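Read off the chains here:
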Amino acid sequence: MERWVEETLHLDWRTRLKAETVLFESQTEHQHLIIFDNNRFGRVMMLDHIVQLTTADEFIYHEMMAHVPLTALEAVEPETAKSVLIVGGGDGGVLREVLRHPSVERAVLCEIDRSVIDMCREYFPTVSDGAFDNPRAEIVIADGTEYVRQQQAEFDVIMVDSTDPIGPGAVLFTKEFYGDCQRAIKEGGVMLTQNGLPFMQPDELKQSVDFFKELGFAESSAFTATTPGYFGGPMSQGWASKRADLSKVDVELLWQRFKALDIETRYYDPEVHRGAFALPRYIRELVE
Ligand code: AG3
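What counts and what doesn't
- Residues numbered from 1 in each chain as written.
- Predicted model: local features only at pLDDT ≥ 70, side-chain atom pairs only at ≥ 80, totals over all residues.
- Heavy atoms only, no water.
- Axes fitted to C-alpha atoms, helices over the stretch in contact; angles between N-to-C directions.
- Helix = DSSP H or I, 4+ residues; strand = E, 2+ residues; numbered from the N terminus.
- Parallel < 35°, antiparallel > 145°, perpendicular 65-115°, else oblique.
- Left-handed = near helix turned anticlockwise from the far one by under 90°.
- Contact = heavy atoms within 4.5 Å.
- Nonpolar A, V, L, I, M, F, W, Y, C, P; charged D, E, K, R; others polar.
- Near = heavy atom within 4 Å.
- Polar contact = N/O pair within 3.5 Å; in protein donor to acceptor, adjacent residues only side chain to side chain.
- Areas by Shrake-Rupley, 256 points an atom, 1.4 Å probe, with all protein chains shown as cover.
- Domains from an automatic or database assignment.
- Buried < 20%, exposed > 50% of the residue type's maximum accessible area, 1.4 Å probe, protein only.
- Buried area = accessible area lost by both parts, 1.4 Å probe.
- Pairing = 2+ DSSP bridges.

Interaxial distance between helix H6 (residues 175-184) and helix H7 (residues 202-215) falls to 10 Å at its minimum, and their mutual angle equals 50 degrees. The angle between H6 and H7 falls in the class oblique. Crossing of H6 over H7 shows right-handed handedness. Here Lys175, Tyr178, Gly179 and Gln182 of H6 lie close against H7, whose contacting residues are Ser208, Phe211, Phe212, Glu214 and Leu215. Taken together, the residues of the contact of H6 with H7 sort by class into four nonpolar, three polar and two charged.

So this is what it looks like as structure tokens:
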């Protein structure tokens, strides 16, 4: 019998993926988790019936979340990107990309659901690719809101690699949490947030960026990248920076920095970096 797995995120539109093989399915302490193989997307993980990760396209989201802020910071001031906090991100994909920056001395990953890390280590070894065992990585199993609340000017970058604002992820979209992140970021640092699909979930991006502005970040904006497994158009990442114009770093400077890193990417490069902040008008209206 064929099994089709449905994404139930949106009210008026559902997408189904054919599962060749279901490898794991359970209700964890925090959420429903399923891992299966699909011929187009490779191995897929869904949490609470929403695609989180596919091996075919994970590079897009993970490269952008890590390299945009780190390359920008290092380009404006070498050796400024030293400490990073990833909230969520239990698959280890963002962590993997973050650790490719030698300037990063400490990368903390704070994930609420231990079973996400365990299952991803087992079923998605190429996604973390050894990142969890890297001596610069520190894994904390905790509620991200509580962890962040206890930090004071500790991190150069905070990356919120969350689920959608439903279930356990909802608290990661509140003004209170963003304010705590603001205190946890050092002067000149930056926060990024998984901010959904502007076409399908416009209110989500608008509300987050409104909160960034109310909190008085020097730059409150977003960039996008089209990640085919997040069905419904480009995916946005919110951008709240304590440094003015951090999204506008000169492309030549970005190239210098990026070439020095000497890493291979499949989506990110400095042109794509700058271009990602060029928002189509329907998205720009949400953030302006
Ligand atoms: N992080 C973002 C998944 C959001 C999916 N939401 C959606 N399609 N609206 C997943 C974890 C990747 N490391």
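After that view of the structure, there is still more to cover.
Attention now goes to the site of the ligand. In the vicinity of the ligand, 15 residues are found, and the nearest of them are His62, Asp91, Asp161, Asp164 and Gln201. In the environment of the ligand, a nitrogen atom lies 2.7 Å from a nitrogen or oxygen atom belonging to the side chain of histidine 62. Serine 162 is positioned with one of its backbone polar atoms (N or O) 3.3 Å from a nitrogen atom of the ligand. Coverage of the ligand by the protein amounts to 98% of the 400 Å² it exposes when considered alone. For the shell around the ligand, the secondary-structure elements that each account for two or more residues are strand E6 (50-54) and helix H1 (58-76). The greatest single-element share of the shell around the ligand, amounting to three residues, is contributed by E6. Class assignment of the residues belonging to the shell around the ligand gives a composition of seven nonpolar, five polar and three charged. There are two domains that each give the shell around the ligand at least three residues, and those are domain 1 (4-54) and domain 2 (58-287).

Glancing now at the environment of leucine 197. Tracing the backbone shows leucine 197 in the loop between strand E11 (185-194) and H7. Look at leucine 197 and you get buried, because its relative accessible area is 4%. Expressed as a C-alpha distance, the spacing of leucine 197 and proline 234, which sit 37 residues apart in the sequence, is 6.0 Å. Other than its neighbours up to four places away in sequence, leucine 197 contacts His10, Pro202, Tyr230, Phe231, Gly232, Gly233, Pro234 and Met235.

Attention now moves to the side chain of glutamine 237. When you line up the elements, glutamine 237 lands in strand E13 (residues 235-241). Excluding anything up to four places from it in sequence, glutamine 237 contacts Tyr61, Met64, Met65, Leu192, Thr193, Asn195, Ser221, Ala222 and Phe223.

Split into domains, the protein chain comes out as domain 1 (4-54) and domain 2 (58-287). Distance between the C-alpha centres of domain 1 and domain 2: 23 Å. Domain 1 puts 24 residues into the contact, and the matching count from domain 2 is 25 residues. Of the roughly 2200 Å² buried between domain 1 and domain 2, counting both surfaces, carbon and sulfur atoms make up 72%. Summed over the three residues of domain 1 that lose the most area to domain 2, namely His30, Gln52 and Leu53, the buried surface amounts to 23% of that side.

An order of E9-E8-E7-E10-E11-E13-E12 is seen for the seven strands of this open sheet, with the pairing classed as mixed. Looking at the sheet topology across the chains shown, the edges are occupied by strand E9 (137-141) and strand E12 (219-225). Strand-to-strand twist in this sheet, taken as the mean axis angle between neighbours without regard to direction, amounts to 15 degrees. Alignment of strand E7 (residues 83-88) against strand E8 (residues 106-111), held across five bridges, turns out to be parallel. Bridge pairing in E8 places valine 84 opposite alanine 107. Helix-sheet contacts for H1 involve E7, strand E10 (155-161), E11, E12 and E13, and the interaxial angle to E10 is about 160 degrees.

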